[in-house]
Amino acid sequence: MSAKATEPAGAPSKRAADAIRALAIDAVEAAKAGHPGMPMGMADVATALFSRHLKFDAADPHWPDRDRFVLSAGHGSMLLYALLHLTGYEDMTLEEIKRFRQLGSITAGHPEYGHALGVETTTGPLGQGLANAVGMAMAEAHLAAVFGADLVDHRTWVIAGDGCLMEGISQEAITLAGRLKLNKLVVLWDDNSISIDGAVSLADATDQRARFEACGWATFACDGHDVLSIEAALEAAKASDKPALIACKTVIGYGAPKKGGTKSAHGEPLGAEEAAAAKAAYGWPHGPFEIPDDVYAYWRAVGARGRSARAAWEARLEASGRTAAFDARIDGALPAAAIAALKAHAAKMAEIKPAMATRAASGAALEAIFGSCDALIGGSADLTGSNNTFVKDTAIFSPDNPTGRYVHYGVREHAMAAAMNGMALHGGIIPYGGTFLAFADYARPAIRLAALMGVRVIHVMTHDSIGLGEDGPTHQPVEHLASLRAMPNLAVFRPCDAVETAECWLLALERTEGPSVLALSRQSTPAFRGDADEIKSARGAYELLAADGEAKVSLFATGTEVAIAVAARDLLQAQGLPTRVVSAPCFELFEAQDEDYIASIIGDAPAVAIEAGVAQGWSDLIGPCAFVGMWGFGASAPAKDLYPYFDITPEAVVEAVKDLIG
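Participant: Describe the environment of Ile-291, naming the residues involved and giving the relevant values.
Facilitator: By the secondary structure assignment, Ile-291 is in the loop between helix 10 (272-282) and helix 11 (293-304). It is 66 Å that separates the C-alpha atoms of Ile-291 and Met-349, two residues lying 58 residues apart in sequence. Look past the residues within four positions of Ile-291 in its chain and what remains in contact with it is Ala-19, Leu-23, Leu-86, Trp-284 and Tyr-296.

Participant: Before we move on, could you go through the sheet that holds strand 12 (residues 458-462) and cite the residues and values that matter?
Facilitator: Within the open sheet, the six strands sit side by side as 10-9-11-12-14-13. Their pairing is parallel. Both outer strands of the open sheet, strand 10 (406-408) and strand 13 (491-493), are each paired with one neighbouring strand and no more. Sheet twist, expressed as the average angle between the axes of neighbouring strands with direction ignored, equals 20 degrees. Note that strand 12 and strand 14 (residues 516-519) share four bridges and pair parallel. Across the sheet, residue Met-461 finds its bridge partner in strand 14, namely Ala-519. Helix-sheet contacts for helix 20 (residues 498-510) involve strand 9 (376-380), strand 11 (430-436), strand 12, strand 13 and strand 14, and the interaxial angle to strand 12 is about 150 degrees.

Participant: Describe the pairing of strand 6 (residues 218-223), with residues and values.
Facilitator: Examined bridge by bridge, strand 6 and strand 7 (residues 244-249) share six bridges and lie parallel to one another. Counterpart to Ala-221 in the pairing with strand 7 is Ala-247. Where the polypeptide runs from strand 6 across helix 9 (residues 227-239) and back to strand 7, its parallel neighbour, the crossover connection is right-handed.

Participant: Account for the packing of aromatic side chains, naming residues and giving values.
Facilitator: Aromatic rings in a pair are described by how distant their centres are and how their planes are angled relative to each other. Under the defined criterion, the tally for this structure stands at 17 aromatic pairs. Ring geometry for Phe-390 against Tyr-406: centres 5.1 Å apart, planes inclined by 85 degrees, an arrangement best described as edge-to-face. Of this pair, Phe-390 sits in the loop between helix 16 (384-387) and strand 10 while Tyr-406 sits in strand 10, and the two are 16 residues apart along the sequence. Ring centres of Phe-439 and Tyr-442 lie 5.8 Å apart, and the angle between their planes is 55 degrees; on these two criteria the pair is classed as tilted. Here a set of aromatic residues connected by ring pairs shows up, and it is made of Phe-50, Phe-56, Phe-69 and Tyr-89. Over the aromatic face of Phe-587 sits the side chain of Arg-485, whose NZ or CZ is 3.7 Å from the ring centroid. Across the ring face of Tyr-597, the terminal group of Arg-539 is positioned such that the distance to the ring centre comes to 4.0 Å.

Participant: Break down the side chain of His-85 for me, citing the residues and quoting the values.
Facilitator: By the element assignment, His-85 lies in helix 3 (residues 77-87). At 2.8 Å, the side chain of His-85 and the backbone oxygen of Met-92 are in polar contact. A polar side-chain atom of His-85 sits 2.7 Å from a polar atom in the side chain of Tyr-296. Once residues lying within four places of it in the same chain are set aside, the contact partners of His-85 are Leu-23, Met-92, Thr-93, Leu-94, Ile-97, Tyr-296 and Arg-300.

Participant: Account for the layout of surface pockets, naming residues and giving values.
Facilitator: Roughly 830 Å³ of volume is contained in the largest pocket. Around the largest pocket, the lining is made up of 40 residues, and of these His-62, Arg-66, Tyr-113, Leu-425 and His-426 lie nearest the centre. Going through the elements one at a time, strand 1 (68-71), helix 3, helix 13 (323-331) and helix 17 (413-426) are the ones with two or more residues in the lining of the largest pocket. Its residues placed into classes, the lining of the largest pocket shows 21 nonpolar, 10 polar and nine charged.

Participant: A description of the confidence of the model for the protein should follow, citing residues and the corresponding values.
Facilitator: For the protein, per-residue confidence averages 97 on the pLDDT scale, and 98% of positions sit at 70 or higher. Across residues 1-6, where pLDDT falls below 50, the model places 13 contacts with residues more than four positions away in sequence or in other chains.

Participant: Quick one: what's the story with the pattern of salt bridges, residue by residue and with numbers?
Facilitator: Enumeration over the complete set of coordinates arrives at 30 salt bridges. For Arg-15, the salt bridge goes to Asp-294, with nearest N and O atoms at 2.3 Å. Residue Arg-15 is found in helix 1 (residues 12-31), and its partner Asp-294 is found in helix 11; the two are separated by 279 residues along the sequence. When its relative accessible area of 22% is taken as the criterion, Arg-15 is described as partly exposed. Residue Asp-294 is classed as partly exposed on the basis of its relative accessible area of 44%. Arg-529 is paired through a salt bridge with Glu-503; the nearest N and O atoms lie 2.7 Å apart. Of the two residues, Arg-529 is situated in the loop between strand 15 (524-525) and strand 16 (542-545) and Glu-503 in helix 20; the sequence distance between them amounts to 26 residues. Because the salt bridges share partners, they merge into one network encompassing Asp-57, Asp-60, Arg-307, Arg-310 and Glu-314.

Participant: Help me get a handle on the environment of Trp-618, residues and values and all.
Facilitator: Note that Trp-618 resides in helix 24 (residues 618-622). Take Trp-618: its relative accessible area is 1%, and that puts it in the buried class. The spatial distance from the C-alpha of Trp-618 to the C-alpha of Phe-587 is 9.0 Å, given a sequence separation of 31 residues. Not counting the four nearest positions on each side in its chain, Trp-618 is found in contact with Arg-485, Phe-556, Ala-557, Thr-558, Ala-584, Phe-587, Ala-609, Ile-610, Glu-611, Gly-623, Cys-625 and Phe-627. Reaching out from Trp-618, the side chain makes a polar contact with the side chain of Glu-611 at a distance of 3.1 Å.

Rules of the game
- Residues numbered from 1 in each chain as written.
- Predicted model: local features only at pLDDT ≥ 70, side-chain atom pairs only at ≥ 80, totals over all residues.
- Heavy atoms only, no water.
- Helix = DSSP H or I, 4+ residues; strand = E, 2+ residues; numbered from the N terminus.
- Contact = heavy atoms within 4.5 Å.
- Pairing = 2+ DSSP bridges.
- Axes fitted to C-alpha atoms, helices over the stretch in contact; angles between N-to-C directions.
- Right-handed = clockwise from strand over helix to strand, strands pointing away.
- Phe/Tyr/Trp six-rings, centres within 6.5 Å; stacked < 30°, edge-to-face > 60°.
- Lys NZ or Arg CZ within 6 Å of the ring centre and 35° of its normal.
- Polar contact = N/O pair within 3.5 Å; in protein donor to acceptor, adjacent residues only side chain to side chain.
- 1 Å grid on protein atoms, 1.4 Å probe; cavity = no way out; pocket = protein on both sides within 12 Å on 5 of 7 lines; lining within 4 Å.
- Points joined across faces, edges and corners; volume = space filled by probe spheres on them.
- Nonpolar A, V, L, I, M, F, W, Y, C, P; charged D, E, K, R; others polar.
- pLDDT = per-residue confidence, 0-100.
- Salt bridge = Lys/Arg side-chain N within 4 Å of Asp/Glu carboxyl O.
- Buried < 20%, exposed > 50% of the residue type's maximum accessible area, 1.4 Å probe, protein only.

Rendered as structure tokens:
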């Protein structure tokens, strides 16, 4: 597998690509684990991209107008780590390369956002990076339309593998990108025809180019080991007025005489003998982790190639007179006017105390804040009217109007969630998107990655219980609240009225280090809060109503079941049992409070938890308690019939209290 005739064996980029291969081989051998085949196969393509097309400056990894590079095929992480080290990212030292996959290193088995400079997103679950990249391209298109091409004009590049294209999220993502004509998005498909089980043909016979073209993409092909072929394809993709796919025909484990082109090169070390043979095929005589000075010099020049472009961009930003506004937008600062607007709205809701569905209350909160927070870009997975996510007179984000701030995602919950992650990662956008809570399962892998990365994404999930009624158990979430609360670094808000809903929106917007879910009702619920001076929801749980006298029982509830708790309190107090009610809109915020506050809210009285979901999580939150809620799936009927049918009523709470205290 010698170099092609189009480039002599001693040519700089040939040796530069071999340096990537050598580092990948050495790191995987040292770790005794990893995926050497993809970096070995895609090294030529990556070298061409980074050395002549990718706009970046290794000295400033956070330059807002850099091109974004996403390694969707995250198992090939050593490709990215090698590139970051060779081009001069200061934290990606040779020692970190040697510590590949070791505890405490920044070179995790799959790239992790926040661990190393130059890692734009966490990848590994296949297809996620591709969908993130769609969101990044959407963010670029919007910000370019808002601030102008002098300040925002960059591309998003993706390396994706066969597995990325087999995952269902890829279809959602590429159809969305095609509809939106995201012509600054280029996907480099590592077309090596090998998966873990063997030949891709064992499981898939898709004509990927035809598939992408049917979805509105331009497609090109190249020999992934021929520099001139790669260059021609990259230039053609850049000239396209559509998103572009380049099918890069490569050999997995390129250069390995026995394992090259086979599944054995995918996910295991080559072994000392095969590693040495591969290096010999490259004409690479150097020892483990040894890079010649001239190769380092070549790559460091590549890392500095974008420095003059960055300096010119900085001059344009300063001359624009918009530095403060641009920086605030990219940094994600929540405008003071937006905070004030939301607090004023909460105060208004406290004054008029409207009975309304919390999904409607959410829509009202959005109306209040939307005009003073330009970074907010919303959307829905084809449930706009049900989710109340559209603010009147908002322009639609489209190819003809990328300034629009509302996205019609279509029935693509997974791609919506992953694209929102990409928007948040890009910077300059605070994304929110709507669907039904039961459909959180469609979006869950992307929500999990948002939580892992710690990025601000807001999921508006309505129809949050059996209270949605006639659509029945397929649409009625039962286990979903508990399931989502089990996820680390995800805040799940379930407000009980319009004031709490406004508070929860503010808390989600201010939560910059993780995603949030707003679980909202279809059915109307009474207003309880007549005060908004203090953002009580920030405590996660608080005493909504005190007992008349020393409390003999505490009722804990969320969302629409707070009304049931309040009605049960009236019944219990009429029977001589002083009862307090605690609203718990966010378990995660409550668990973060100090011990004294938590103890004061839980109290000493026997407790009953009330929620139209499963019981999991409640005893962990408040200790031993009785539970009034769901013990199985729901049913198709009007909501007014379902609550009594499933014994989620004030009377059922009274019976639970009597059973509890004897």
